[in-house]
Amino acid sequence: MNHRLSKYGYVAAIVLLLAGCGKARYEPDPSDAPSGAPLVTVIYDPLALGDRSYNDLIYAGVERAVLSRGIRSMQLSPATEEEGLAALEVYFGQMRTQRDTVRRLLIVAGASYDEYLRRNSSELEGNPLSDLLYLETAEPLAGKGSTVCLPYYGAMYEAGAVARSYSGKTLLVAANPFNPVIQESVKGFTEGFNADYTTAESDAELRLEWLSDESGGGFVIEDEQAMGIVYGSEMFAFEDLVFPVCGGAAGAFHRLSNLFGGFDYIGIDAVSVSPHCPFSVVKHIDRAVDICIGQWLSSEGMPKHQTLSFADGWTEVVLHPYTEMQQYWAESVLTPQALVEIHEDAMKKEAGYE
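Attention here is on the structure that accompanies the text.

Conventions we followed
- Residues numbered from 1 in each chain as written.
- Predicted model: local features only at pLDDT ≥ 70, side-chain atom pairs only at ≥ 80, totals over all residues.
- Heavy atoms only, no water.
- Pairing = 2+ DSSP bridges.
- Helix = DSSP H or I, 4+ residues; strand = E, 2+ residues; numbered from the N terminus.
- Salt bridge = Lys/Arg side-chain N within 4 Å of Asp/Glu carboxyl O.
- Buried < 20%, exposed > 50% of the residue type's maximum accessible area, 1.4 Å probe, protein only.

1. With respect to the sheet that holds strand β14 (residues 279-283)
On the basis of which strands lie adjacent, the open sheet formed by three strands has the order β13-β14-β16 and mixed pairing. Of all the strands in the sheet, just β13 (267-268) and β16 (315-319) have a single pairing partner and so form its edges. Pairing of β13 with β14 involves two bridges; the strand directions are parallel. Residue pairing in the sheet places Ile268 in a bridge with Val281 of β14.

2. Observations concerning the sheet that holds strand β9 (residues 169-174)
Pairing is parallel across the open sheet formed by four strands, whose spatial order is β10-β9-β11-β12. Whereas interior strands pair on both sides, the edge strands pair on one side only; in this sheet they are β10 (205-210) and β12 (264-265). Of the pairings in the sheet, the one linking β9 to β10 comprises six bridges and is parallel in character. Paired with Lys169 across the strands is Glu205, a residue of β10.

3. Remarks on the pattern of salt bridges
Counting across every chain of the model gives 12 salt bridges. A salt bridge links Glu209 to Arg207, with the nearest nitrogen and oxygen atoms 3.0 Å apart. For Arg207, a relative accessible area of 29% puts it in the partly exposed group.

Keep in mind that these numbers describe shape and distance, not what the molecule does.
Following this line, the structure appears as structure tokens:
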């Protein structure tokens with residue numbers, strides 16, 4: 001398990017010990033000085049950190065809160081789901097039997113742990129110093145803990161409509177058909193693409209490719225597999241535009257475009273700076289996490305559930321007219337009037353999406 005520790009103030013250095021009966025426990029490093037500063041711990045999906053998009057944004061948001069609010073943090077990126085569940089069990093035990101006066105917030109940034117959280121969140125109700133934040137779920141926890149959701153449907157609908165105006169053939173690469181955020185993204189992008197806001201005759205086509213048929217799969221991919229999907233055996237791109245909605249696996253498609261060309265790509269979860277990226281779909285999860293931590297530290301605390309919408313700017317489509325062709329597309333093909341129409345429709349579609 002990879003432990004990333006905040007550089008600000010005291011941080012509890014933790015050692016994972018596999019004790020008898022297969023149980024895990026955490027023990028503080030004896031060389032660390034005690035501190036009463038609030039502690040925020042984040043547990044990610046397996047191998048999630050380092051994706052240069054969604055999970056790295058969460059990491060940055062937490063560390064920004066650490067620097068600005070004088071708290072401590074520890075961020076854990078387990079190698080497997082079993083390691084992540086073992087860490088959750090340890091932290092729930094710590095917070096349930098806490099004997100010190102340190103305020104603790106556990107942030108769970110992974111759908112892999114949904115069942116465990118919903119089954120065990122009530123265990124924390126007896127400790128007023130502990131709290132739980134579960135990211136990216138539309139369903140509140142029955143027990144103790146807060147949830148927050150940044151729906152992606154509206155931004156994805158807008159991205160699909162913009163993609164149709166940009167490209168003749170678009171490839172949508174998605175991680176797996178079981179993840180709720182991926183499902184929402186695929187549906188929004190497909191419906192936006194099929195709406196067709198262009199005025200000229202178009203032979204635009206959209207192809208969907210799933211990377212995995214397993215729950216939790218498709219977020220890690222070898223460059224060779226990505227190359228086969230895009231280029232096939234003929235070594236030329238079958239599509240003009242590729243949109244990889246697959247976490248860290250998106251980097252493989254970015255590398256192929258930047259190194260070999262033949263297609264452009266849509267950035268995801270963070271602004272992608274490349275002449276091969278005409279636009280990006282961005283989710284401001286870093287800002288959301290920072291705000292939630294501020295709410296937790298306040299006297300009011302975090303709301304039981306929050307939905308941060310596309311209409312309020314929590315997700316958005318960012319155009320990057322880097323090349324002359326992209327500049328022409330942004331100014332002529334995708335007119336300001338068309339952009340306004342697409343954006344207004346996207347807001348309505350997200351508001352009505354279930």
